[in-house]
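Here are the chains, one letter per residue:
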Amino acid sequence: MTCIEARGLRKTYGTTLALDGIDLRVEEGRILGLIGPNGAGKTTALNAILGLTPYQGELRVLGRDPWNQRDQLMCDVCYIADVAVLPRWMQVSQALDYLGGVHPRFDRAKAEGFLAKTTIRRSSKVRELSKGMVTQLHLALIMAIDAKLLVLDEPTLGLDLLYRKQFYDSLLNDYFDRSRTVLVTTHQVEEIQNVLTDLMFIDRGHIMLSCSMEEFESRYVEVAAPPDQVAAARAFRPIHERQVLGRSILLFDGVDRQQLATLGDARTPSIADVFVAVIGNQPGSAQGAAR
Amino acid sequence: MNTQANPVPEPSQEQGVAPATIPATQIFRWSLRRELWENRFIYMAPLAVAGAVLVAFSVSSILGIGEALLRLVPSRHRMPYDMAAGVMMLTSILVSVFYCLDALYSERRDRSILFWKSLPVSDVTIVLSKAAIPLIVVPLLTFAITVAMQWIMLLVSSAVLLASGQSVAMLWRSLPLASMWLLLLYHLATAHAIWPFPIYCWLLLVSGWARRATFLWAALPLVVIAGVEGIMFRTSHFAELIGRRFIGDAPVMKMAPGSMGLDPLTTQVTVDRFLTSPGLWIGFAMAAAFLAAAVRLRRYQGPI
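Remember, it's a predicted structure, so these values are computed and weren't measured experimentally.

**Overview of the overall build of chain B**
Then, in step 1: When helices and strands are tallied, chain B shows 14 helices and zero strands.
Then, in step 2: Seen in sequence order, chain B has helices and strands lined up from the N terminus as α-α-α-α-α-α-α-α-α-α-α-α-α-α.
Then, in step 3: Of all intrachain contacts in chain B linking residues separated by at least 6 positions in sequence, the fraction that spans at least 24 positions is 80%.

Below is the structure:
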C-alpha cells in the first residue's frame, strides 16, 4: 500500500519557491530519510504532508487529502517536530489524560510502560523537564499511538549523544514494524544510515536523489586511492574527490565495484559523503563548506 | 534503557481492528478541561476575589462598621451582598477578556500549536471549546463562587449577630436567597455571557491573528471607528454601543438602572424582551462570523 503519494507538489512563499513540483512515493513499511541543506524545502514538504500548510499539486497521505482532512488524518499519523512543542505548562499526567481522551488509537498503558523506563515523574510539568526528558516524554506518547505514519522533523536536535542513540534504538526496537512507515529529516545523517530503508536528497525545492538503501549501496563506491593510482582512478570519472591524510578519496556513481577494488580500498560511502558530492557540486551551493 | 531487544517486532495485534471513534462531545469536554489546565486563572482569580471580599466583609461585620445604618433600614441588609456580586461580575469580565486575548495566541507563541495540530482534534472543536469559556464556563463558575461566597457572608453575619445576643430572624427574612440566586444566574447568562459574546469572539479572532500585542490590535479598530464617527458626525453611537455590550447592558437590564439587576422588586425576568431584541440576534450573527474567521485562520496559522 502507498503511504504518501505526491505529484507536482509545489509551494511558494511570496516569490520564494520552497517546493518546485516534486513527485514522491513512499510505500508502507519504509523508513525514508529526507536529507537536505537548510532551506531546502524539507520542513515545507513535511508540513504539506501533515496538513499544516496549503499547497499546489496533488498529495495523498494514507489516501487522504492532508489540508482538508487534517483531523481525520491525525488518527493515523504521528509527528515530532524539530523543537520541543509539548506545552510547557502541561503535567505529564495531563498529557496522558488528554491523549487518552481525544485519541482513538492511544494506548495509555503502553505510554506508562515507556515512561516507567525513564526518570520522568507523572506530576512533573514539561517546563521542569530537561530537553532530553521532554523528547523521551514525547516519544513515549507517540509510540503509544498505533499510527501508520510517523513523521520526525529533526527529532534529536540539541540532544546529547546518549539520548540520540537511545531515541533511534527505542524507535526501532519498540515501535517500528513492517506495517508502519517512518519519515525522518535530520542533519545527523551518520546516526540514521543504518536505520533507513530509503533515502531522498532534496535541495532548493527539487529532489536530487531518491533511492532505496540497497540501490545506494550498490550504486555508490568510495575508493581510497594511493597517490600512484589516483590518475587511473580519475579515468572512471569520480563525482567527488577529497584528500584525507595524503590519500585521495574518490567517490564513484554507478561504476563496477570489482574494477575499483583494484585501485585501492573500495567501500560503501557514508550518506554524508554522497550528500556533499551530490548537493555540494551544484552551482550556487557552498561546496566544501558542508564538511 | 531498552530491556528487551528484538530488532523487528511482530506487527501489533490490534492492527486489523478498526479503533472506536471518539464521540465529538468527549473530545470537546477534554478540550474544555485542557483550557482550564492551561489557564488556571479562570477559577483562581474569582476564588481569590471572593476570598478578599469575605475577609473584608468579616472584618466589617465583626467591627460593626455600618451596623447603625443596617438597624435603621432593614432593606439595606442586601447591599453588601449585591456589591459582592457586582465585584464578582467585574472579575468575570476581566477573566474573560484576558482569556480570549490569549487563547489562540499563546499556543502559537510557545509553538505548542504544532503538538495540538498533531492530534485528531479539528480546528472547529478547538475554537468552539475556547469560545465556550467566556460563554459558559466563566458565567457558571462566577455563579457557583458567588453563591458560595454569599452563603458564607450570611453565616458570618448570623454568627456575629448571635454572638452579640441578637436575633438572626430579621436578617434571614430580609434576604430572599432563592430569588436572589435565580436572578443572579439569569443576569449572568444574559447580560454577562450572551450579550457580550460577540466582543469575546472578536477578541478570540484577534488572538488568532496578531503576531504580538493582541490587546492593541483588538482595541485599535474600535478606537478608530469611534474616532472617525466622532469627527465625521459628531456622535458617539459606536462607542456607546461597544460600552453597553461590554459591561453587559442587555435589554433585560433596562428596568433596573444602578441596581445591577439584582433587586427582585425592580427587576423582572423579561425573557421575551431579551429574545426579541434585534441586538441579540445581530450579536449572534457577528459572533458566528468572528468564530468562522477564527477557525479558518487557525488552519493557516503556525508558530510565530
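Picking up where we left off.
**Observations concerning helix H1 (residues 42-49) of chain A**
All names here are of chain A.
Then, in step 1: The element H1 is largely enclosed, with a buried count of eight among its eight residues.
Then, in step 2: For H1, every residue scored as buried is listed here: Lys42, Thr43, Thr44, Ala45, Leu46, Asn47, Ala48 and Ile49.
Then, in step 3: Directly beyond the C-terminal end of H1, a positive phi value near 75° is found at Gly51.

**Remarks on the sheet that holds strand E4 (residues 56-61) of chain A**
Residues and elements named next belong to chain A.
Then, in step 1: Read from one edge to the other, the open sheet built from three strands follows the order E2-E1-E4, with strand pairing classed as antiparallel. A single partner strand is all that each edge strand has here, and the edge strands are strand E2 (16-27) and E4. Direction aside, neighbouring strands of the sheet carry axes that sit 15° apart on average.
Then, in step 2: Sheet analysis places strand E1 (residues 2-13) next to E2, joined by eight bridges and oriented antiparallel. By the bridge assignment, Ala6 is partnered in E2 with Leu24.
Then, in step 3: Sheet strands touched by H1: E1, E2 and E4. Its angle to E1, the strand with the most contacts, is close to 120°.

**Quick look at the domain arrangement of chain A**
All names here are of chain A.
Then, in step 1: In terms of domain boundaries, chain A breaks down into domain 1 (2-204) and domain 2 (215-280).
Then, in step 2: For domain 1 and domain 2, the distance between their C-alpha centroids amounts to 34 Å.
Then, in step 3: If one sorts the elements of the side of domain 1 that touches domain 2 by residue count, strand E8 (residues 198-203) sits on top with three residues.

**Comments concerning the sheet that holds strand E12 (residues 247-253) of chain A**
To summarise the sheet geometry, strands pair through backbone hydrogen bonds and adopt either a parallel or an antiparallel arrangement.
Residue and element names in this part refer to chain A.
Then, in step 1: One open sheet accounts for four strands, arranged E11-E12-E10-E13; its pairing is antiparallel. Sheet topology places strand E11 (240-244) and strand E13 (265-267) at the edges, where each strand pairs with a single neighbour. The average angle at which neighbouring strand axes cross in this sheet is 20°, direction not considered.
Then, in step 2: In the sheet, E11 pairs with E12 via five bridges, with the strands oriented antiparallel. Residue pairing for E12: Gln243 is matched across the bridge by Ser248.

**Here's the deal with the confidence of the model for chain B**
All names here are of chain B.
Then, in step 1: When pLDDT is averaged across chain B, the result is 85; 83% of the residues are at 70 or more.
Then, in step 2: This stretch, residues 1-18, has a pLDDT under 50; its non-local contacts, to residues over four places away or in other chains, come to 20 contacts.
Then, in step 3: Here residues 255-266 is modelled with pLDDT under 50, and outside its nearest four sequence neighbours on either side it reaches 27 contacts, counting other chains as well.
Then, in step 4: Scoring of the predicted complex yields 0.87 for pTM and 0.88 for ipTM.

**Focus: the environment of Ala45 of chain A**
Residue and element names in this part refer to chain A.
Then, in step 1: Looking at the secondary structure, you find Ala45 in helix H1.
Then, in step 2: Sequence separation of Ala45 and Leu9 is 36 residues, and the distance between their C-alpha atoms is 8.4 Å.
Then, in step 3: Contacts of Ala45, omitting those with residues within four sequence positions, involve Leu19 and Leu34.

What counts, and at which threshold
Residues numbered from 1 in each chain as written. Chains lettered and ligands numbered in written order. Predicted model: local features only at pLDDT ≥ 70, side-chain atom pairs only at ≥ 80, totals over all residues. Helix = DSSP H or I, 4+ residues; strand = E, 2+ residues; numbered from the N terminus. Contact = placed C-beta atoms within 7 Å. Buried ≥ 20, exposed ≤ 12 C-beta atoms within 10 Å, placed from the backbone. Pairing = 2+ DSSP bridges. Axes fitted to C-alpha atoms, helices over the stretch in contact; angles between N-to-C directions. Domains from an automatic or database assignment. pLDDT = per-residue confidence, 0-100.

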